[in-house]
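# Architecture and fold: a report
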Amino acid sequence: MAVCSLILAAVASSGAQAQDANASAKNNQYCTNIADAASDARFALQKQALADMEKEIEGRIKVLEAKRAEYEEWLKRRNEVLEKADETIVMIYARMRPDAAALQLMNMDEEIAAAVIAKLNPRAASAVLNEMEPARAAQLANVITDAPKREKNPVRQN
């Protein structure tokens, strides 16, 4: 009887091993069959991610190009303003009393007045601006710095 139970156990274990081997073969066959589809799906996801990144980069390049154009325009305007103040005029205003220079510059075109003040030495320019009305002095300082008109709460592009 003991021999019989050993034979049954051996047959049962060989049957279980055969089922495990059969299941393993089916699993391997399934994996082999879907490997191409999974690879294609991964490729499609990667391709889409690259396309999205390319669009984002193109958008950022457009923003940077717009900023570069804006700064080039700003530099051009600034150079034009500074060229308007001829050296002879600047020397004349540098030798004037600050209150007299301020009165004349207040009545001048703002770009020319700003160019003259920008070419004065800092001590003379500050004395002249000090003699002006604060609003006009601030206006001329804005022209000198040529601060571009910006929105109060600009949205930052990431």
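Look a little higher up for the structure.
Residues numbered from 1 in each chain as written. Predicted model: local features only at pLDDT ≥ 70, side-chain atom pairs only at ≥ 80, totals over all residues. Heavy atoms only, no water.

Turning to the overall build of the protein chain, a few remarks are in order. What the protein chain contains, in helices and strands, is six helices and zero strands. Of the regular secondary structure in the protein chain, the N- to C-terminal order runs α-α-α-α-α-α. Scored against the burial criterion, the 158 residues of the protein chain give a buried share of 15%. Expressed as a percentage of contacts within the protein chain between residues at least 6 apart in sequence, the contacts between residues at least 24 apart total 75%. Within the structure as shown, the protein chain displays about 12500 Å² of accessible surface, and the carbon and sulfur contribution to it stands at 58%. (Helix = DSSP H or I, 4+ residues; strand = E, 2+ residues; numbered from the N terminus. Buried < 20%, exposed > 50% of the residue type's maximum accessible area, 1.4 Å probe, protein only. Contact = heavy atoms within 4.5 Å. Areas by Shrake-Rupley, 256 points an atom, 1.4 Å probe, with all protein chains shown as cover.)

Moving on, we come to the nonpolar core. Generally speaking, soluble globular proteins have nonpolar side chains that are buried together. Grouped together as the largest cluster of nonpolar side chains are 18 residues, with contacts concentrated most on Tyr-93, Leu-105, Ile-117, Leu-120, Val-128, Met-132 and Leu-140. Elements with a minimum of two residues in this core: helix 2 (87-95), helix 3 (98-106), helix 4 (110-119), helix 5 (122-131) and helix 6 (134-145). With residues up to four places along the chain from it excluded, the contact list for Ile-117 reads Leu-105, Ala-125, Leu-129, Met-132, Leu-140 and Ile-144. (Core = buried A, V, L, I, M, F, W, Y, C linked by side-chain atoms within 4.5 Å.)

Within the fold, Asn-130 resides in helix 5. Separated by 32 residues in the primary sequence, Asn-130 and Pro-98 place their C-alpha atoms 8.3 Å from one another.

Below, the discussion takes up the pattern of salt bridges. Summed over all chains, the structure comprises four salt bridges. Two residues, Arg-60 and Glu-56, come together in a salt bridge whose shortest N-O distance is 3.0 Å. Pair noted here: Arg-60 and Glu-56 are both in helix 1 (residues 2-84), with a separation of four residues, about one helical turn. By relative accessible area, which is 43% here, Glu-56 ends up partly exposed. A salt bridge links Arg-97 to Asp-99, with the nearest nitrogen and oxygen atoms 3.3 Å apart. Through salt bridges with shared partners, a single network forms among Glu-65, Arg-68 and Glu-72. (Salt bridge = Lys/Arg side-chain N within 4 Å of Asp/Glu carboxyl O.)

This is a description of form; function is not addressed.
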